[in-house]
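The residues making up each chain are set out below.
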Amino acid sequence: ESLVKRYPNDAIIRYGYASTLADQNKFEDAAGQWVEVLRLSKLPNTFEAREGDTLLDAPMRYGVCLTFSDDEKTREKGKAQLLEYAKANPNDARVWFHLGHSALEIFDDPDHAKEWLEKAYNLDPSCERTLRNLWPVLAPLCLGAWMFARVGLGLLVAMGVGSGMIVALLMTRHMSLFEFA
């Protein structure tokens, strides 16, 4: 915070501050900082050219913060912000994760959650956060797959395999719940 006060027109310092606030679940405060980051990123002399790529995901990060608002209109604005970013950056697995997570946890939209989390998974199949969010969406879709997974989990747990490894094994491209759903 003191660096932002000392260097109020430095987009990179504000980016770091906004990220820190978001990491602390202070989403409203973070959103205000992201507005400033977005404004500063369009002005000359607010960041060094070599740091410019750092600012490219600021619109996504701003949208994520908005989706955690208590206000429904603000949450919808965040969703629209994320969709706009996804349209411009369709190969960024992070935005598809955030869309899927918010569809699942905030907007109660399991159909979009499945679609968006699958996109995130296909772009980055090793992302643990995507796997954790995708599991409850896909598992109930097919009782056969669910029962298969439960039996498989039981066997793997009995063998002493860690939970992270279990999820990774079940969600590989070779034996995916996508094939059963």
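Criteria and thresholds
Residues numbered from 1 in each chain as written. Predicted model: local features only at pLDDT ≥ 70, side-chain atom pairs only at ≥ 80, totals over all residues. Heavy atoms only, no water. Axes fitted to C-alpha atoms, helices over the stretch in contact; angles between N-to-C directions. Helix = DSSP H or I, 4+ residues; strand = E, 2+ residues; numbered from the N terminus. Parallel < 35°, antiparallel > 145°, perpendicular 65-115°, else oblique. Left-handed = near helix turned anticlockwise from the far one by under 90°. Contact = heavy atoms within 4.5 Å. pLDDT = per-residue confidence, 0-100. 1 Å grid on protein atoms, 1.4 Å probe; cavity = no way out; pocket = protein on both sides within 12 Å on 5 of 7 lines; lining within 4 Å. Points joined across faces, edges and corners; volume = space filled by probe spheres on them. Nonpolar A, V, L, I, M, F, W, Y, C, P; charged D, E, K, R; others polar. Buried < 20%, exposed > 50% of the residue type's maximum accessible area, 1.4 Å probe, protein only. Patch = residues over 30% accessible without salt bridge, like charges linked within 9 Å, V, L, I, M, F, W, Y side chains within 5 Å. Areas by Shrake-Rupley, 256 points an atom, 1.4 Å probe, with all protein chains shown as cover. Salt bridge = Lys/Arg side-chain N within 4 Å of Asp/Glu carboxyl O. Lys, Arg positive; Asp, Glu negative; His and termini not counted. Charge placed at Lys NZ, Arg CZ, Asp CG, Glu CD. Core = buried A, V, L, I, M, F, W, Y, C linked by side-chain atoms within 4.5 Å.

### Section: the packing of helix 2 (residues 11-23) against helix 3 (residues 27-40)
Helix-helix packing is characterised by the crossing angle of the two axes and by the distance between the axes. Close contact between helix 2 and helix 3 brings their axes to 8 Å; oriented N to C, the two are set at 160°. What the angle tells us is that helix 2 and helix 3 run roughly antiparallel. Relative to helix 3, the crossing made by helix 2 is left-handed. For the pair formed by helix 2 and helix 3, the contact residues are Ala 11, Arg 14, Tyr 15, Tyr 17, Ala 18, Ser 19, Leu 21 and Ala 22 on the first element and Phe 27, Asp 29, Ala 30, Gln 33, Trp 34, Glu 36, Val 37 and Leu 40 on the second.

### A word on the confidence of the model for the chain
Residues at a pLDDT of 70 or more form 76% of the chain, whose mean pLDDT is 85. Low confidence marks residues 172-181, where pLDDT is under 50. Its contacts with residues over four positions away, or in another chain, come to 25 contacts.

### Overview of the layout of surface pockets
Taken as a whole, the largest pocket encloses approximately 380 Å³ of empty space. Along the wall of the largest pocket there are 18 residues; nearest its centre are Ala 22, Asp 23, Val 64, His 98 and Arg 129. Lining the second largest pocket, in full, are Phe 27, Glu 28, Ala 31, Cys 65, Leu 66, Phe 68, Ser 69, Asp 70, Asp 71 and Thr 74. Listing elements by their share of the lining of the second largest pocket, those giving two or more residues are helix 3 and helix 4 (58-67). With three residues, the single largest contributor to the lining of the second largest pocket is helix 3. For the lining of the second largest pocket, the class distribution of residues is five nonpolar, two polar and three charged.

### What about the packing of helix 6 (residues 93-105) against helix 7 (residues 110-123)?
Between helix 6 and helix 7, the shortest axis-to-axis distance is 8 Å and the interhelical angle comes to 155°. As the angle between them shows, helix 6 and helix 7 are arranged roughly antiparallel. Two packed elements cross with a definite hand, and for helix 6 against helix 7 that hand is left-handed. Residues Ala 93, Trp 96, Phe 97, Leu 99, Gly 100, His 101, Ala 103 and Leu 104 of helix 6 lie in contact with helix 7, whose contacting residues are His 112, Ala 113, Trp 116, Leu 117, Lys 119, Ala 120 and Leu 123. Across the contact of helix 6 with helix 7, the residue classes break down as 11 nonpolar, three polar and one charged.

### Structural notes on the environment of Leu 117
By the secondary structure assignment, Leu 117 is in helix 7. Accessibility expressed as a relative area gives 0% for Leu 117, which makes it buried. As for Leu 117 and His 98, which are separated by 19 residues in sequence, their C-alpha atoms are 8.4 Å apart. Setting aside residues no more than four positions away along its own chain, Leu 117 makes contact with Trp 96, Phe 97, Gly 100, His 101, Thr 130, Asn 133, Leu 134 and Val 137.

### Structural notes on a negative patch on the surface
A grouping of Glu 28, Asp 29, Asp 70, Asp 71, Glu 72 and Glu 76 is seen on the molecular surface, where their side chains present a negatively charged patch. For the negative patch, the elements supplying multiple residues, two or more each, are helix 3 and helix 5 (72-88). Turning to its location among the elements, Glu 76 is positioned in helix 5.

### Focus: the side chain of Asn 133
Tracing the sequence through the fold places Asn 133 in helix 8 (residues 128-138). When sequence neighbours within four positions are dropped, the list of residues in contact with Asn 133 reads Phe 97, His 101, Leu 104 and Leu 117.

### Things to note about the nonpolar core
Formed by 20 residues in total, the largest nonpolar core has its most connected members in Ala 30, Trp 34, Val 37, Leu 55, Tyr 62 and Cys 65. Secondary-structure elements contributing two or more residues to this core are helix 2, helix 3 and helix 4. Here Ala 30 is in contact with Ala 18, Leu 21, Ala 22 and Cys 65, once residues within four sequence places are set aside.

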